[in-house]
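# Examining the three-dimensional arrangement
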Amino acid sequence: MLLQISEPGLSPAPHQRKLAIGIDLGTTNSLVASVRSGTAETLPDASGEHILPSVVHYGTQCTLTGTDARRLAAEDPLNTIISVKRFMGRGVEDIRALGDVLPYRFTRTDGGMPFIETVQGEKSPVQVSAEILRALRGRAEETLGGDLLGAVITVPAYFDDAQRQATKDAARLAGLEVLRLLNEPTAAAVAYGLDQGGEGTIAVYDLGGGTFDISILRLRRGVFEVLATGGNTALGGDDFDQMVAGWILEQAGLDIKALDPEQYRKLLDAACAAKEALTDSDTVSINFDGWSGEITKTIFDSLVDPLIDRTIKSVKKSLRDAKLKAADINEVVMVGGSTRVPRVRERVADLIGKQPLTDIDPDRVVAIGAALQADILAGNKPADEMLLLDVIPLSLGLETMGGLMEKVIHRNTTIPVARAQEFTTFKDGQTAMAIHVLQGERELVDVNRSLARFVLRGIPPMPAGMARIRVTFQVDADGLLSVSAREESSGVAASIEIKPSYGLEESEITEMLQASYTFAKEDKEARNLLERRVEAERIIEAVQNALAIDGDILLSPEERAELAEQARHLAETTKSHDADLIAKTTEEVAKASEVFAARRMNAGIRAALSGQAVDAFEALGADKTEK
Ligand code: ADP
Ligand code: MG
């Protein structure tokens, strides 16, 4: 699902172009692309290769990535990390559930993030991924000849927050500014310019090396919505290779058990080469271990048909999930190297009843879409170009006591999304609450962006902290934010609709992010001080209120004077900038008022309080209870 943001200003002159790249960080292969002289193209390495195998080898002397690393996979499997994407943002349990017989030794398996043991020590999946990203970044800098502004990195549509976060961490580690994470199917659709067209339903069929993903997207008014995702995390071109390898062994009369790891690797390489060659010819000759023979397209098709069947089943399931029929699909985009196989294209065309889009190289299409987005995000496009977003660019939240922002939906959360949080009142008898909706990354309200304000009225009078006000943030498929607040015991409710990021320029987003990093420490200290002050004011308020209501009934004049003095002293302390001192003094007053509070409880004073009404509404209490 995507929001639109129009970019300000005119297209800058070529020498002012900011360099931005798109990265397809794949399970098997990765690519980097950039817009040069108006067209998006993938960037080759020094030897002319566009595809970088997503493999990292940790050697005793040095670290290798890509093809060099892949060559060592058979020889040194423990120190050669392949398919690291599968481990990104996953815990030990998730990795065990992958079920593969992984050669790696995972350490720190006591929960949390697992590390892979290598000759260079423990490596986290994030570090391994960063190695791949660093290689692509180096390639881009060499080819483009300049400093990069940042990158759009693609992730599967089904990636959760942890997996997305891990991807971003890897980018940061590689020294890349992430302009945006973009869903892979969305990137593919963008590469075909489908976002420029009218409305429609798009299926993105992505068959890579080891994974199959199907995504059903709906495009409406330039906004993409993910209707359904499905697939198989253990099905891809590698399985095609296995089928061909099995056939070779059968033909050659060889037993798989008789092969050593190196022979086995060679067998798979021969199978893979034959498979890829069959895309363009009807028969291919194979030589393996003294045996030579020929494989025809017909044989190959019959070998892989059962595998393709499984992808077709997934597509049907996703269509059902999206409550659509095959005929409802307007376009099918083919992604992933394995969709080059003619049989795959045929089967998909049969199912959907139309020819899939295959003009753009299926293993480059995602990187190309990412590059197009990166170019827009970098500000290289004129004002009428729309920017597609499928995540929330900046956190959304609301103001709590002391001028602090409480984030309810964090930035980069994919939309649509709904999150709720509970808040409470700050004053006894508070009957209204001001809800101030904010956008931004900073701790303090003033430096974030104010989106809207509304008031929840009619809260039944209760002692401070008793009301339970549930505030729900919802960003729908059209990119509209609605915020509603409801007092749980009485059911009184209020809500407002806001357009969150409309009109917010990308430069503003970048600036706000930059500031949030620059000021992170100051913000944290400021937040701490303000929280202490709020806490202190809460206590003062409570004590003074209680004293006014029944201080002379329940307390001796001495006790009364003493408590009042302590509250006054705390009020004085609050003015200081010493958060610790304020906290300590607050603690003392809270302790001193315990006896009084207990007596009030016993006297059943709380019931009497409900008769009180406070007309003016008060700011939201900072007392948050999770979700
Ligand atoms: P991933 O997205 O998993 O990183 P890719 O999209 O790069 O993977 O796809 C890699 C797969 O595509 C490999 O299994 C490779 O053998 C296969 N492939 C590449 N070119 C061809 C071709 N011409 N014919 C058939 N399969 C191909
Ligand atoms: Mg891929």
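In this text, all values refer to a predicted model and were calculated from it rather than measured experimentally.

### Overview of the pattern of salt bridges
- This structure, assessed with the given rule, holds 28 salt bridges.
- Of the charged contacts in the structure, one is a salt bridge between E41 and R36, with a shortest N-O distance of 3.1 Å.
- The exposure class assigned to E41 is partly exposed, which follows from its relative accessible area of 32%.
- Taking the shortest distance from any N to any O, the salt bridge between R470 and E488 comes out at 3.9 Å. On the criterion of sequence distance, the pair formed by R470 in strand β26 (residues 469-475) and E488 in the loop between β27 (481-487) and β28 (493-498) is long-range, its members being 18 residues apart.
- Relative accessible area serves as the criterion here: at 23%, E488 is assigned to the partly exposed category.
- Salt bridges sharing common partners tie together D305, D309, R343, E346 and R347.

### Here we look at helix α8 (residues 297-321)
- Helix length check: α8, at 25 residues, gives a terminal C-alpha distance of 34 Å against a target of 36 Å (1.5 Å per residue), a fit within 8%.
- The sharpest bend along α8 reaches about 45° and sits at D305, with the proline P306 one to four residues further on.
- Following α8 by one or two positions, K323 has its phi on the positive side, about 55°.

### Quick word on helix α13 (residues 557-574)
- Given a rise of 1.5 Å per residue, 18 residues ought to cover 26 Å, and the 26 Å separating the end C-alpha atoms of α13 matches this to within 8%.
- Of all the positions in α13, only L563, A567, L570, T573 and T574 are classed as buried. End-on, the buried residues of α13 take up no more than an arc of 120°, which puts them together on one face. In α13, the exposed positions that point more than 90 degrees away from the buried face belong to P557 and E558.

### Here we look at the pairing of strand β4 (residues 39-42)
- The two faces of β4 differ: A40 and T42 on one face are buried, but T39 and E41 on the other face are not.
- Where strand β3 (residues 29-36) and β4 come together, four bridges link them in antiparallel fashion. Within β4, the position partnered with S34 by the bridge is E41.
- Between β3 and β4, which pair antiparallel one after the other, the connecting turn spans two residues, and S37 there sits at a positive phi close to 40°.

### Points about the sheet that holds strand β6 (residues 55-58)
- Spatial strand order, β7-β6-β8: three strands in an open sheet with antiparallel pairing. Edge positions in the open sheet fall to β7 (63-65) and β8 (80-82), since each of these has one partner strand only. Going across the sheet, the axis of each strand differs from the next one's by a mean of 15°, ignoring polarity.
- Both β6 and β8 contribute to a ladder of three bridges, which runs antiparallel. Residue H57 lies in a different strand from β8, and its bridge partner there is T80.

What counts, and at which threshold
Residues numbered from 1 in each chain as written. Chains lettered and ligands numbered in written order. Predicted model: local features only at pLDDT ≥ 70, side-chain atom pairs only at ≥ 80, totals over all residues. Heavy atoms only, no water. Salt bridge = Lys/Arg side-chain N within 4 Å of Asp/Glu carboxyl O. Buried < 20%, exposed > 50% of the residue type's maximum accessible area, 1.4 Å probe, protein only. Helix = DSSP H or I, 4+ residues; strand = E, 2+ residues; numbered from the N terminus. Expected span 1.5 Å × (residues − 1). Bend = angle between axes of the 7 residues up to and from the residue. Arc of directions from axis to C-beta. Pairing = 2+ DSSP bridges. Axes fitted to C-alpha atoms, helices over the stretch in contact; angles between N-to-C directions.

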